[in-house]
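Given next are the chains, with one letter for each unit.
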Amino acid sequence: MPRLILTFNKQVIKEYPFLKDSITIGRNDDNGIIIDNLAVSSYHAKIDKVGSDYIVTDLQSTNGTFVNDQKVVSHKLSHGDNIIVGKHVILFVAAEKGTEAEATDQKEKLDKTMMLDTAKQKELLAKQQVTPKVPKPLEKIGVLSFINGSELGEIELKKKLTRIGKGDASEIKLSGMFMGSTAATISKRPSGYTITFAGGKTKLKVNGEVVKDSVALKDFDTIELGSHRFQFYQKEVKPD
Amino acid sequence: MLIASSGITNVGLKRGSNEDCYSTEDSLGLYVVADGMGGHQAGEVASRIAVELINKSFRRWVEQEAYEHELFGYPDNSVTIHGNYLLSSIRLANRVVYEMALEHEQYQGMGTTVATLLITPSRIIAANVGDSRIYMVRDGHIERLSKDHTIVAEQVEMGVMTEEEASSAPLKHVLTRNLGSAENVEPEIFEIEPSNDDRLIICSDGLTDLVSDREILEMTQDVEDPENLCNKFVEKVLKRGAHDNTTVVSVFLTDMKKKTVNPLSRIGLPLAEGIGNIQKVIKKFKS
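Worth saying up front: this structure is predicted, and the values here are computed from it rather than measured. For every chain, the first residue of the written sequence is number 1, and numbering continues from 1 onward in sequence order. For this description, chains carry letters from A and ligands carry numbers from 1, given in the order in which they are written. Note on the predicted model: pLDDT of at least 70 is required for a residue's local features to be given, and 80 or more for side-chain atom pairs to be given and counted; whole-chain, interface and lining totals, by contrast, use all residues. Hydrogens and water are ignored here; the side-chain numbers use all heavy atoms of the structure.

Within chain B, the regular secondary structure consists of nine helices and 11 strands. Every residue pair with non-hydrogen atoms within 4.5 Å of one another is taken to be in contact. The contacts of chain B with a sequence gap of at least 6 include a subset with a gap of at least 24, amounting to 68%. Methods summary: accessible areas were calculated by the Shrake-Rupley approach with a probe of 1.4 Å, and residue burial reflects only the protein chains presented. Taken as a whole, chain B presents about 13600 Å² of accessible surface, with 50% of it coming from carbon and sulfur. Secondary structure is summarised from DSSP: a helix means a run of H or I of at least four residues, a strand means a run of E of at least two, and numbering begins at the N terminus for each.

What follows is the structure in structure tokens.
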């Protein structure tokens, strides 16, 4: 059974198995593949199973239907074809049938790493005079908010690695008889912010629990280093 | 801090050529893995040039102790100067590969991933573009220090797809960022403080397609030295069909202090000291 993979701005939105003999694509609710976007007509295109072939047909849509870089009225689909409807791209993945070799060949094609060619897509979209209104995801930045009347107030964690302690190398300086030169570090990692105990006789506590190595930080965790108490949270910032 | 490292690359069982490339440069503390793409040997060219250029420009900047404004591209204030040397080296390699691909017809469409690791006395710095990964094994846990630039990984990050769905998704090899396909590239970069006995793995997707994070953790904990680990990873992917080229670089950090301790300390420090004293006496006696 072939599949249709709906993508938008390089993101996969949904996968549709081709279950019936025909599937329609459009903005209206009664389409098989519904795309709620003004660049897409109410009934934009349809795909029909004809024998063992699959044919895409443009339903006289306003902005047209493209397969790869060609504007089409009707087109026989092959494995890996990109059907472009407005700003959305639908990838046609053929059923894994036919000869064994053919099937492996297809699989190998998908196994191979490839780079998405967005230049061509952009070109096509420009021709259609559709202004994309893609909101750029906001970046999150960690903030330490000092609780007990410290003059430090709020500190944004702008570095990938922030050191906290008494020493000169520490970005956040905290006093205390037993405070380590670097008492703790906070690093921004692929999984999020992590706090690590670094040294000294002052204990590091997160939500009251002593931390001896590392722990992931969640919003509104309370961190204690000796008499210093602060809360961690993340706020959204506009990317540069 | 002592660093032990090893690297290996293997063509696998299905591909006719190896488009991966790597380098291990202990004198710089710099380790690189690149997985090239593009027909007619262009993939091999892209990955080799990227590895060579990153090493070359990084070395030059470190030796000159270059200032941030002398580097390639805007300095990133969220990382150290060494982090900026690494970022700039990757950006420069990107520009060269990109321009080569524009100028030479046979190199059209070539590109490569890069995963780079820099070890300094105060930092572990990991930077990457594409889907080659960097793992850190510490205190019995495994953690990624790289981000995959694939459609599927972005879906996972957005919460649209689970890790499990991602590993079997048809588009999992489609990259959203690589080195050589655009004039400018912004690598992902992370900095953390090194810790005793950290073990780091840099690898191409030939490994991660067939071996899970959990298995990587277990295998990394099971061995004594990085060379052995690299060999074990390649044995594993070959056993599982090795449909792609596989490259692994392993870097083990050990604390200098531990290494200088008398090996006899295993039988108890006082006893070791006692024996040491006896040895000294014997030496004196002999001379």
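Once you've had a look at it, read on.
Burial classes follow relative accessibility: with a 1.4 Å probe on protein chains only, a residue under 20% of its type's maximum area counts as buried, one over 50% as exposed, and anything between as partly exposed. Looking only at helix α3 (residues 151-158) of chain B, the buried set comprises Ile151(B), Val152(B) and Gln155(B). Seen end-on, α3(B) carries its buried residues on one side only, within an arc spanning 95 degrees. Contact partners of the buried residues in α3(B): β2 (11-17) of chain A together with α4 (163-167) and β8 (174-175) of chain B. One or two residues past the end of α3(B) sits Gly159(B), with phi positive at roughly 85 degrees. Note that the arc is defined by the directions from the helix axis to the C-beta atoms.

Moving on, we get to the environment of Glu191(B). Structurally, the position occupied by Glu191(B) is in strand β9 (residues 188-192). Given a relative accessible area of 2%, Glu191(B) falls into the buried group. Beyond its immediate chain neighbours, meaning those up to four positions away, Glu191(B) contacts Lys160(A), Leu161(A), Ser187(A), Val79(B), Thr80(B), Gly83(B), Arg123(B), Ile124(B) and Ile125(B). The term polar contact refers here to a pair of N or O atoms within 3.5 Å; inside protein, the definition further demands a hydrogen-donor-capable atom paired with an acceptor-capable atom, and it admits residues adjacent in sequence only when both atoms are side-chain atoms. At 2.6 Å, the side chain of Glu191(B) forms a polar contact with the side chain of Thr80(B).

The next point concerns the state of the cysteines. Residues and elements named next belong to chain B. Two cysteine sulfur atoms form a disulfide, by the criterion used here, when they sit within 2.5 Å. Enumeration over the complete set of coordinates arrives at zero disulfides over all chains. Cys-230 supplies the cysteine sulfur nearest to Cys-21, a cysteine that is in no disulfide, at a spacing of 15 Å. Looking at the unpaired Cys-203, the closest cysteine sulfur is the one in Cys-230, lying at 10 Å. Look at Cys-203 and you get buried, because its relative accessible area is 1%.

All names here are of chain B. Buried residues dominate strand β3 (residues 30-37), accounting for eight of its eight residues. Residues Leu-30, Val-32, Ala-34 and Gly-36 line one face of β3 and the alternating positions Tyr-31, Val-33, Asp-35 and Met-37 line the opposite face, and both faces are buried. Strand pairing is defined by DSSP finding a minimum of two bridges between the two strands. Summarising the sheet, strand β2 (residues 20-25) and β3 pair through six bridges and their orientation is antiparallel. Residue pairing in the sheet places Tyr-22 in a bridge with Val-33 of β3. As consecutive antiparallel partners, β2 and β3 are separated by four residues, and within that stretch Gly-29 has a phi angle of approximately 75 degrees, a positive value. In this structure, β3 lies alongside strand β4 (residues 111-119), joined through eight bridges in antiparallel fashion. Each bridged residue has a counterpart across the sheet, and for Asp-35 the counterpart in β4 is Thr-113.

All names here are of chain B. On the secondary structure map, Leu-253 appears in strand β11 (residues 246-254). In sequence terms Leu-253 and Met-1 are 252 residues apart; their C-alpha atoms lie 6.8 Å from each other. Beyond its immediate sequence surroundings of up to four residues, Leu-253 is in contact with Met-1, Leu-2, Ile-3, Ile-119, Ile-124, Pro-194, Asn-196, Asp-197, Asp-198 and Leu-200.

Bringing the interface of chain B and chain A into the picture now. Residue-level contacts link 37 residues of chain B with 32 residues of chain A. A pair is scored as a salt bridge if a Lys or Arg side-chain nitrogen falls within 4 Å of a carboxyl oxygen belonging to Asp or Glu. Where chain B meets chain A, there are one salt bridge. Of the charged contacts in the structure, one is a salt bridge between Arg189(A) and Glu143(B), with a shortest N-O distance of 2.7 Å. Seen at the junction of chain B and chain A, the total is four residue pairs in polar contact (both at pLDDT 80 or more). Among the elements of the structure, β6 (133-138), β7 (141-144), α3, β8 and β9 of chain B are those that each provide at least two residues to the side of chain B that touches chain A. When its residues are assigned to classes, the side of chain B that touches chain A shows 14 nonpolar, nine polar and 14 charged. When residue character is reported, Ala, Val, Leu, Ile, Met, Phe, Trp, Tyr, Cys and Pro are called nonpolar, Asp, Glu, Lys and Arg charged, and the others, Gly included, polar.

Here, nonpolar core refers to any group of buried Ala, Val, Leu, Ile, Met, Phe, Trp, Tyr and Cys residues whose side-chain atoms link them within 4.5 Å. Residues Leu30(B), Met110(B) and Val114(B) are the most contacted members of the largest nonpolar core, which totals 36 residues. Every element with two or more residues in this core is listed here: β3, α1 (42-64), α2 (81-103), β4 and β5 (124-129) of chain B. Beyond its immediate chain neighbours, meaning those up to four positions away, Val114(B) contacts Val33(B), Ala34(B), Ala50(B), Ile54(B), Ile90(B), Ala127(B), Asn128(B), Val129(B) and Leu179(B). Among the nonpolar cores identified, the runner-up in size contains 22 residues, and Ile164(A), Met179(A), Ala183(A) and Val206(A) belong to it.

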